[in-house]
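# Notes for the structure review
For reference, the chains in residue letters:
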2 protein chains.
Amino acid sequence: MNNNEQKHHADYVSFSTNADKKDTFDMMIMSYQALSADQDNWVCNLSNASSLIWHAYKSLNINVNWTGFYLANTPCTLLLGPFQGKVACQEIQFGKGVCGTAASAQQTQVVSDVNKFPGHIACDGETKSEIVVPIVSAEGKTLGVIDLDCLDFDAFNEIDKEYLEKLASEIVKSCRF
Amino acid sequence: MNNNEQKHHADYVSFSTNADKKDTFDMMIMSYQALSADQDNWVCNLSNASSLIWHAYKSLNINVNWTGFYLANTPCTLLLGPFQGKVACQEIQFGKGVCGTAASAQQTQVVSDVNKFPGHIACDGETKSEIVVPIVSAEGKTLGVIDLDCLDFDAFNEIDKEYLEKLASEIVKSCRF
């Protein structure tokens with residue numbers, strides 16, 4: 001294989017460091033679509049998605065310390081899925097903490113200070129803010145959540161919510177769970 | 001939850017930066033055993049394992065750029081599993097490249113210069129050396145491989161092989177595939 005002629009998979013995370021949030025997130029979504037075009041295995045697709053999210057945020061100088069997934073294992077339990085970052089809690093009950101709340105309410109949780117969130121589950125004591133987006137099937141079943149943690153307070157806003165919800169919908173379309 | 005009283009999951013990757021290779025790898029194996037003690041879901045366990053490996057190597061100042069897993073999907077295809085690092089190739093045929101060779105030969109491949117390996121599959125053009133360890137069931141079936149890439153030539157040796165093979169055997173014992 002000639003390295004000079006071919007795009008490597010790793011190049012999908014070469015996000016421009018000069019782009020704004022929307023352009024970067026558009027690129028993240030398009031890259032996910034390209035990577036999952038011929039692939040419906042959820043482990044494979046979410047493993048690459050966790051890396052796309054991580055590198056997109058890092059290119060924007062947003063101090064994410066965890067980007068990944070929890071998947072519904074039983075009707076009321078989330079189990080750790082593919083992620084980038086430090087070792088994390090394996091099991092989270094629906095309704096508990098930020099992830100469990102997003103999963104049971106089927107609503108995105110944007111938390112500017114995790115320590116003020118009732119029942120917050122701290123996998124990492126350094127985390128300051130968090131966004132959790134539910135992944136909901138066409139039939140209305142919670143399949144899992146996208147979870148991002150940041151070392152800074154108030155890291156996530158409506159733009160993050162909009163694009164991560166778009167990603168969740170792409171995941172539902174592309175993956176067999 | 002009181003952050004001062006409880007060990008967080010993220011603390012499992014707080015490897016000492018003064019420890020030698022064997023001590024660090026012993027800690028990595030023990031941490032994997034602790035994390036998988038009550039958990040047999042392979043996605044969950046390998047997601048945390050990819051992070052343990054990444055942070056163990058980083059604490060040793062070894063420039064790994066990818067640490068993760070490929071899993072046997074059909075009898076002759078490996079599919080991307082949980083990892084830390086940049087987006088990677090999704091599918092690898094048994095017998096192809098370093099991962100495919102480890103999977104079909106059921107033998108660890110230590111490659112000091114990937115560009116000299118016949119049929120090397122470059123997911124990342126920056127990778128210089130690689131180690132791939134097969135994960136083989138008690139019945140002799142290849143379940144997948146542990147794959148580590150490094151930005152430096154000749155990064156892996158017999159110690160890496162020994163401990164990653166130990167980890168592979170812990171994975172076989174702890175996970176339901």
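Quick caveat, the model's predicted, so the values are computed rather than measured.

### Quick look at empty space enclosed by the protein
- Under the definition given, this model contains 2 cavities of 30 Å³ or more.
- Contributing to the lining of the largest cavity are 22 residues, with I121, C123, E130, D147 and D149 of chain A lying nearest its centre.
- Secondary-structure elements contributing two or more residues to the lining of the largest cavity are β1 (64-74), α3 (97-105) and β6 (142-150) of chain A.
- In terms of residues, the lining of the largest cavity owes the most to one element, α3 of chain A, which gives 4 residues.
- Residues belonging to the lining of the largest cavity are distributed by class as follows: 11 nonpolar, 5 polar and 6 charged.
- Considering only enclosed or pocket space, the second largest cavity measures out at about 140 Å³ in volume.
- Considering the residues around the second largest cavity, the lining is formed by 18 residues, among which I121, C123, E130, D147 and D149 of chain B are closest to the centre.
- Elements with a contribution of two residues or more to the lining of the second largest cavity: β1 (64-74), α3 (97-105) and β6 (142-150) of chain B.
- Sorting elements by how many residues they give to the lining of the second largest cavity places α3 of chain B first, with 4 residues.
- For the lining of the second largest cavity, a count of residues per class yields 9 nonpolar, 4 polar and 5 charged.

### Quick word on the interface of chain B and chain A
- Contacts between the two partners involve 39 residues from chain B, matched on the other side by 39 residues from chain A.
- Taken together, both faces of the contact between chain B and chain A bury some 3100 Å²; the carbon and sulfur share is 56%.
- Interface area lost by chain B to chain A is led by H9, V87 and Q90 of chain B, which between them contribute 20%.
- When contributions to the side of chain B that touches chain A are tallied by element, the ones reaching two or more residues are α2 (42-59) and β2 (77-85) of chain B.
- Counting residues per element, the side of chain B that touches chain A draws most heavily on α2 of chain B, at 8 residues.

About the cut-offs
- Think of each chain on its own: its residues are numbered from 1, step by step along the sequence as written.
- To label them, take the chains in the order written and letter them from A, then take the ligands in the order written and number them from 1.
- For this predicted model, a pLDDT threshold of at least 70 governs which residues receive local features, and a threshold of 80 or more governs which side-chain atom pairs are given and counted, while totals over whole chains, interfaces and linings are taken from all residues.
- Note: side-chain values were computed over all heavy atoms of the structure, leaving out hydrogens and water.
- Only protein atoms enter the 1 Å grid used here. Points where a 1.4 Å probe fits but cannot escape make up a cavity, open sets with protein on both sides within 12 Å along at least five of seven lines make up a pocket, and a residue lines them when an atom lies within 4 Å of a point.
- Grid points are joined across faces, edges and corners, and a volume is the space filled by probe spheres set on the points.
- By the criteria applied, helices consist of DSSP H or I runs no shorter than four residues and strands consist of E runs no shorter than two, each listed in order from the N terminus.
- Gly counts as polar in this scheme, as do all residues outside two lists: the nonpolar Ala, Val, Leu, Ile, Met, Phe, Trp, Tyr, Cys and Pro, and the charged Asp, Glu, Lys and Arg.
- Contact between two residues is taken to exist if any of their heavy atoms lie within 4.5 Å; hydrogens are not considered.
- The term buried area refers to how much accessible surface (probe radius 1.4 Å) is lost by two components on association, counted for both of them together.

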